[in-house]
Amino acid sequence: MTSQRPSGPFRIGDRVQLTGPKGRLHTITLRADGELHTHHGVLKHTALIGQPDGSVVTNSGRHEYLALRPLLRDFVMSMPRGAAIVYPKDAAQILAEADVFPGAVVVEAGVGSGALSLWLLRAAGAEGRLVSFERRPEFAEVARANVETFLGEDPDNWEVVVGDLVESLPTAVAPASVDRVVLDMLAPWECIDVVADALAPGGVVVCYVATATQLSRVAEYIRGTGLFTEPDANETMVRGWHVEGLAVRPDHRMVAHTGFLVWARRLAPGAVPPEQKRRASKTSYGDEDVELWTPGAVGDRQITDKNLRKRVREAQRAADGARQAAGRTGEPDASA
């Protein structure tokens, strides 16, 4: 991965985030003949081409728009989605708890719409390697297009494997060669054994799950293997604040629960961790509990084929714009 994030004046093919009247956001891909139509008027893309990042432009109705290249957090919240994304607050926590470092070899499953892939690629850097697994080829296609749109290229240190992690991981990586594994799937406990084989001693596995039953099942499975440290778990909630002069108060709305994280580190082969003393608690479980842990009981949100085809087309159009921008040289030309 050699490209840098775009800088300098806006060019044809760039993604631009416009903040208009009342703070409403519009994300566009610049085209020579493009126009943004709203009930406030028309803004021609040529008014932006050649302008520096952070400019203010005026549309036909004399309404002002602040133009900025989207940050990664902005991009993942507005990009086409095949599957639900990992929100920035959870992505940041995953990077911290997994300690993803420059040069790391990272495995993720599933790739979804590519939001977490972008964060992992940035953290692992050009010297690192990311191998992403996705069962559905349509989701993989959306993810590839989204990553190429943001980075301006298809990274050469990123491999997308369409298939099941349990079946494909042993052939994709050597045993004990992976530094970090992130599992964002319905039943991550089904993959823990093959993940343990792939992880180097001291490596970290992080599971991102939506429900308390999933959290319970995967934590118990990790604990039961005897191959990992005692699992830790948490959730992250973010509450914004209104700060204007002395009017300082929490926002009325907040991003509360989106998912749980549970993580553990791979022990050295044959290592037995010291026994931890705990207060007596109800840790045993029976057949009824296992039934509540099955993927069918947990539930799986589905996207219709028609909607998914639409998301694929949107992602591919954005990627085409990024390729056009990456292929241009010299100064921006508003008349191109």
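Residues numbered from 1 in each chain as written. Predicted model: local features only at pLDDT ≥ 70, side-chain atom pairs only at ≥ 80, totals over all residues. Heavy atoms only, no water.

On to the side chain of Thr29, then. Mapped onto the elements, Thr29 comes out in strand β2 (residues 25-29). Among the residues examined, Thr29 registers a relative accessible area of 19% and is labelled buried. Here the side chain of Thr29 touches Arg15 through a polar contact of 3.4 Å, side chain to side chain. Ignoring sequence-local partners within four residues, the contact set of Thr29 consists of Gly13, Asp14, Arg15, His45 and Gly321. (Helix = DSSP H or I, 4+ residues; strand = E, 2+ residues; numbered from the N terminus. Buried < 20%, exposed > 50% of the residue type's maximum accessible area, 1.4 Å probe, protein only. Polar contact = N/O pair within 3.5 Å; in protein donor to acceptor, adjacent residues only side chain to side chain. Contact = heavy atoms within 4.5 Å.)

Counted according to the given criterion, the structure contains one aromatic pair. Between Phe75 and Phe150, the aromatic rings sit 5.1 Å apart at their centres with planes inclined by 45°, giving tilted as the arrangement. Here Phe150 lies in helix α4 (residues 137-151) and Phe75 lies in helix α1 (residues 72-78), a separation of 75 residues in the sequence. Under the relative-accessibility criterion, Phe150 is labelled buried at 4%. A cation sits over an aromatic face here: Arg136 above Phe139, 4.7 Å from the ring centre. (Phe/Tyr/Trp six-rings, centres within 6.5 Å; stacked < 30°, edge-to-face > 60°. Lys NZ or Arg CZ within 6 Å of the ring centre and 35° of its normal.)

This part takes up the pairing of strand β3 (residues 35-38). With four bridges connecting them, β3 and strand β4 (residues 41-44) associate as antiparallel partners. By the bridge assignment, Leu36 is partnered in β4 with Leu43. Turn length for the β3-β4 hairpin, with the two strands adjacent in sequence and antiparallel, is two residues. (Pairing = 2+ DSSP bridges.)

As a further point, take the nonpolar core. In terms of nonpolar packing, the biggest core is built from 35 residues, with Val76, Leu116 and Leu118 touching the most fellow members. Sorting the residues of this core by element identifies α1, α2 (88-98), α3 (115-124), α4, β9 (158-162), β11 (199-209) and β15 (260-265) as the ones contributing at least two each. Looking at which element gives the most residues to this core, the answer is α3, with seven residues. Among residues more than four places away in sequence, those in contact with Leu116 are Val86, Ala91, Ile94, Glu108 and Val182. (Core = buried A, V, L, I, M, F, W, Y, C linked by side-chain atoms within 4.5 Å.)

Turning to the confidence of the model for the protein, a few remarks are in order. Per-residue confidence for the protein averages 88 on the pLDDT scale, and 87% of its residues sit at or above 70. Predicted confidence is poor over residues 329-336, with pLDDT under 50, and the contacts of this stretch with residues over four places away or in other chains come to 13 contacts. (pLDDT = per-residue confidence, 0-100.)

Let us look at the packing of α2 against α3. The relative placement of two packed helices is expressed as an angle between their axes plus a distance between the axes. Following both chains from N to C, one finds α2 and α3 inclined at 35°, their axes separated by 10 Å at the closest point. The element α2 and its partner α3 pack so that their crossing is right-handed. Contacts between α2 and α3 involve Pro88, Ala91, Ile94 and Leu95 from the former and Leu116, Trp119, Leu120 and Ala123 from the latter. Considering only residue class, the contact of α2 with α3 consists of eight nonpolar, no polar and no charged. (Axes fitted to C-alpha atoms, helices over the stretch in contact; angles between N-to-C directions. Left-handed = near helix turned anticlockwise from the far one by under 90°. Nonpolar A, V, L, I, M, F, W, Y, C, P; charged D, E, K, R; others polar.)

Next up on the list: the sheet that holds β2. Across the sheet, which stays open at both edges, the four strands sit in the order β2-β1-β6-β5 with antiparallel pairing between neighbours. Edge strands, defined here as strands with exactly one partner in the open sheet, are β2 and β5 (55-58). Averaged over neighbouring strand pairs, the angle between their axes works out to 30° when direction is ignored. Where strand β1 (residues 15-19) and strand β6 (residues 64-68) come together, three bridges link them in antiparallel fashion. Note that in β6 the partner of Gln17 across the bridge is Leu68.

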